[in-house]
Amino acid sequence: MKVITLCGSTKFKEQFEKANAYHTLQGNIVISLGFFEQSEGIEITQEQAELLGEIHYKKINMSDEIFVIDVNGYIGESTKKEIEYAKQQGKLVSYYSESNIK
């Protein structure tokens, strides 16, 4: 059993949900996003965006692995930073685009 944090753009809500279900059914503990501001049209302030970023790094710290939701190879700037951070912390990094999740 691993702890896996999902990372990626908040515009990919459907893929986050599929990845969450998939990894949970594999017997893992999955940490996802609190909400999907881009998919759901939720406006947040810069201060809230920074807070969410801090929270997400703490989630990565709690994890054994991050699973990057890279639909059509898309990885945004904040996700690139999360990948680099995870690698620096010795976390395994895997990708939606390389998985069997459909």
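As the structure is a computational prediction, the values presented were derived from the model and not from experiment. (Residues numbered from 1 in each chain as written. Predicted model: local features only at pLDDT ≥ 70, side-chain atom pairs only at ≥ 80, totals over all residues. Heavy atoms only, no water.)

A. Summary view of the overall build of the protein chain. Of regular secondary structure, the protein chain possesses four helices and four strands. In the protein chain, the succession of helices and strands from N to C terminus is β-α-β-α-α-β-α-β. Taken over the C-alpha trace, the protein chain has a radius of gyration of 13 Å; the compact-globule value for 102 residues is 13 Å, and the two agree within 12%. In terms of overall dimensions, the protein chain has C-alpha extents of about 35 × 30 × 20 Å along its principal axes. If you take every contact in the protein chain between residues at least 6 apart in sequence, the share linking residues at least 24 apart comes to 75%. On the protein chain, roughly 6,200 Å² of surface is accessible, and the fraction owed to carbon and sulfur atoms is 49%. Counting 11 positive and 15 negative side-chain charges, the protein chain places the centres of these two groups 5 Å from one another. (Helix = DSSP H or I, 4+ residues; strand = E, 2+ residues; numbered from the N terminus. Rg over C-alpha atoms; globule rule 2.2 N^0.38 Å. Contact = heavy atoms within 4.5 Å. Areas by Shrake-Rupley, 256 points an atom, 1.4 Å probe, with all protein chains shown as cover. Lys, Arg positive; Asp, Glu negative; His and termini not counted. Charge placed at Lys NZ, Arg CZ, Asp CG, Glu CD.)

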